[in-house]
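# Per-entry structural report
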Amino acid sequence: MRHDYILTLSCPDRTGIVYRVSALLFESACNILDAQQFGDEETERFFLRIHFDVPAVLDMAALEGRVAQLAQEFGGDWQIHDARKRARLLLLVSRQGHCLNDLLFRVRSGQLPVEIAAVASNHEDFAELAASHRVPFRYLPVSSATRDAQEASLVELVDKERIDLVVLARYMQILSPKLCAALAGRAINIHHSFLPSFKGAKPYHQAHQRGVKVIGATAHYVTGDLDEGPIIEQEVARVDHAATPRDLVRVGSDVESLVLARAVRWHVEHRVLLNGHRTVVFR
C-alpha cells in the first residue's frame with residue numbers, strides 16, 4: 001500500500017530547484033502525481049507544490065530530513081503534509097448563517113474533505129443547525145468587558161480540539177491583535193470586498209442607495225490589520241438598477257458562501273503559499 005503526501009516549498013529563485021527536488025523524490029522511490037510551480041519576477045522567489053506518493057516501507061522521517069537539508073541549502077521554507085489527513089476546522093459565526101450552512105452541507109455531503117470539530121458563536125441562533133449536523137456548538141457571548149476572557153476561551157477551544165483552521169463564517173467580531181497573532185496563517189475571514197466604501201451596518205443597503213453594478217466577496221487570512229490580510233480568493237456578481245437591497249443581500253450571500261468554500265478547500269489542500277502580503281494559489 002502506498003501513501004500520498006504534499007510538499008510545498010518557497011525560496012529565493014535559482015536554477016535547478018525542480019531538478020534537485022524531483023531527483024530527491026526519485027531517489028527515495030517516490031512517484032510524483034502532480035506538480036505546480038511559479039517564479040515571481042517581482043519578489044524573485046520560487047514556489048513549488050508537489051503531490052507525490054511513497055512506498056509503504058519508506059522512512060518518512062528520513063525523507064523529511066533530506067528535504068530539510070535541501071531547503072536549507074536553498075534558503076527556503078518547506079512543509080510536507082499527509083494528503084489523506086483531514087484538517088480539523090472551527091467555524092465561528094454570529095447571526096448571518098449562510099456561510100455556516102454552506103460549509104456544513106459541503107462537509108456532510110462529502111464535497112469538502114475536512115472535519116468540523118465545533119461551531120462557536122457569540123449568539124445562540126445556530127445551535128440547532130449545528131446539532132442537526134451532529135457538530136458540537138459552543139456559545140461564547142462577548143462584550144467589551146468580557147472580550148479577553150472570551151478570546152481566551154476560543155484559544156483554549158482551538159488547542160483542545162487540535163484545530164488546523166479557524167473559519168470566520170460571518171463572525172461579526174473584531175479579533176484582538178493578540179488573537180490574530182495566535183491564529184496567524186490558520187484563520188480565514190470572508191467579507192464584502194467590492195464594497196470598500198460601504199463600511200458599518202447594512203453595506204448592501206448602502207450599495208443600493210449608490211446604484212452599484214458589481215458586488216462581490218473576498219476571502220483572506222486574518223491579520224491584525226482589519227480586512228487587509230493576504231487575499232486567497234475573490235468573486236464578483238453583476239447587478240442592475242432593478243435590484244432591491246434584498247436582492248443584493250441574496251446575491252451577496254451566494255457569492256460569499258462560494259468564495260469562502262473555495263478558500264477553505266485550497267487552504268486544506270495546501271495550495272496557498274504566502275508571498276509577502278500576497279498569496280500564490282495553485283489551482
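In this report, we go over the structure that sits alongside the text. (Residues numbered from 1 in each chain as written. Predicted model: local features only at pLDDT ≥ 70, side-chain atom pairs only at ≥ 80, totals over all residues. Heavy atoms only, no water.)

## What to know about the pattern of salt bridges
Where charged atoms from two side chains of opposite charge come close, those side chains can pair. Scanning all chains against the criterion turns up 17 salt bridges. R283 is the partner of E233 in a salt bridge, and the nearest nitrogen-oxygen pair spans 3.6 Å. Of this pair, E233 sits in strand β11 (residues 231–238) while R283 is found in the segment after β13 (278–281), placing the two residues 50 residues apart along the sequence. Given a relative accessible area of 58%, R283 falls into the exposed group. (Salt bridge = Lys/Arg side-chain N within 4 Å of Asp/Glu carboxyl O. Helix = DSSP H or I, 4+ residues; strand = E, 2+ residues; numbered from the N terminus. Buried < 20%, exposed > 50% of the residue type's maximum accessible area, 1.4 Å probe, protein only.)

## Quick word on the sheet that holds strand β8 (residues 165–168)
Overall, mixed pairing links the 7 strands, which are arranged β7-β6-β5-β8-β9-β10-β11 in an open sheet. Only two strands of the sheet have a single neighbouring strand rather than two, namely β7 (137–139) and β11. With strand direction ignored, the average angle separating the axes of adjacent strands in the sheet is 20°. Sheet analysis places strand β6 (residues 114–121) next to β7, joined by 3 bridges and oriented parallel. Pairing of S121 across the sheet is with Y139, part of β7. Lying on the sheet, helix α3 (residues 98–108) is in contact with β5 (87–93), β6, β8 and β9 (187–191); it crosses β6 at an angle near 155°. (Pairing = 2+ DSSP bridges. Axes fitted to C-alpha atoms, helices over the stretch in contact; angles between N-to-C directions. Contact = heavy atoms within 4.5 Å.)

## Side note on the packing of α3 against helix α8 (residues 245–268)
Following both chains from N to C, one finds α3 and α8 inclined at 45°, their axes separated by 9 Å at the closest point. On the basis of their axis angle, the class for α3 and α8 is oblique. In the packing of α3 onto α8, the handedness of the crossing is right-handed. Between α3, through H98, C99, D102, L103 and R106, and α8, the contact on the second element is made entirely by S253, E256, S257, L258, L260 and A261. (Parallel < 35°, antiparallel > 145°, perpendicular 65-115°, else oblique. Left-handed = near helix turned anticlockwise from the far one by under 90°.)

## As for the nonpolar core
Counting residues in each nonpolar core, the largest one holds 44 residues, and the members touching the most others are L89, L91 and L260. Looking at this core, the element that brings in the most residues is α8, giving 10 residues. Dropping the residues within four chain positions of it, L91 is found in contact with L100, L103, L104, I116, A118, V119, A120 and V167. In this structure, V21, L24, C30 and L48 belong to the second largest nonpolar core, which totals 21 residues. (Core = buried A, V, L, I, M, F, W, Y, C linked by side-chain atoms within 4.5 Å.)

## Some remarks on the packing of aromatic side chains
In the structure shown here, the tally under the stated rule is 2 aromatic pairs. Measuring from ring centre to ring centre gives 6.4 Å for F38 and F47, while their planes differ by 25°; the resulting arrangement is stacked. (Phe/Tyr/Trp six-rings, centres within 6.5 Å; stacked < 30°, edge-to-face > 60°.)

## Some words on the environment of A242
With respect to the secondary-structure elements, A242 resides in the loop between β11 and α8. As for A242 and A117, which are separated by 125 residues in sequence, their C-alpha atoms are 42 Å apart.

## Description of the pairing of β5
With respect to burial, β5 is a largely interior element, 7 of its 7 residues being buried. In terms of strand pairing, β5 meets β6 through 7 bridges, oriented parallel. When the sheet's bridge partners are listed, R88 is paired in β6 with E115. Tracing the backbone out of β5, into α3 and back to the parallel element β6 gives a crossover that is right-handed. As paired elements, β5 and β8 share 4 bridges and run parallel to each other. The residue bridging L90 from the neighbouring strand is V166, located in β8. (Right-handed = clockwise from strand over helix to strand, strands pointing away.)

## Things to note about the packing of helix α1 (residues 17–27) against helix α2 (residues 60–74)
Taken N-terminus to C-terminus, the directions of α1 and α2 make an angle of 165°; their axes are 11 Å apart at the nearest point. On the basis of their axis angle, the class for α1 and α2 is roughly antiparallel. In this structure, α1 crosses over α2, and the sense of that crossing is right-handed. Across the interface between the two elements, I17, R20, V21, L24, L25 and E27 from α1 touch L63, R66, V67, L70, E73 and F74 from α2. Each residue belonging to the contact of α1 with α2 can be placed in one class, and the counts come to 8 nonpolar, no polar and 4 charged. (Nonpolar A, V, L, I, M, F, W, Y, C, P; charged D, E, K, R; others polar.)

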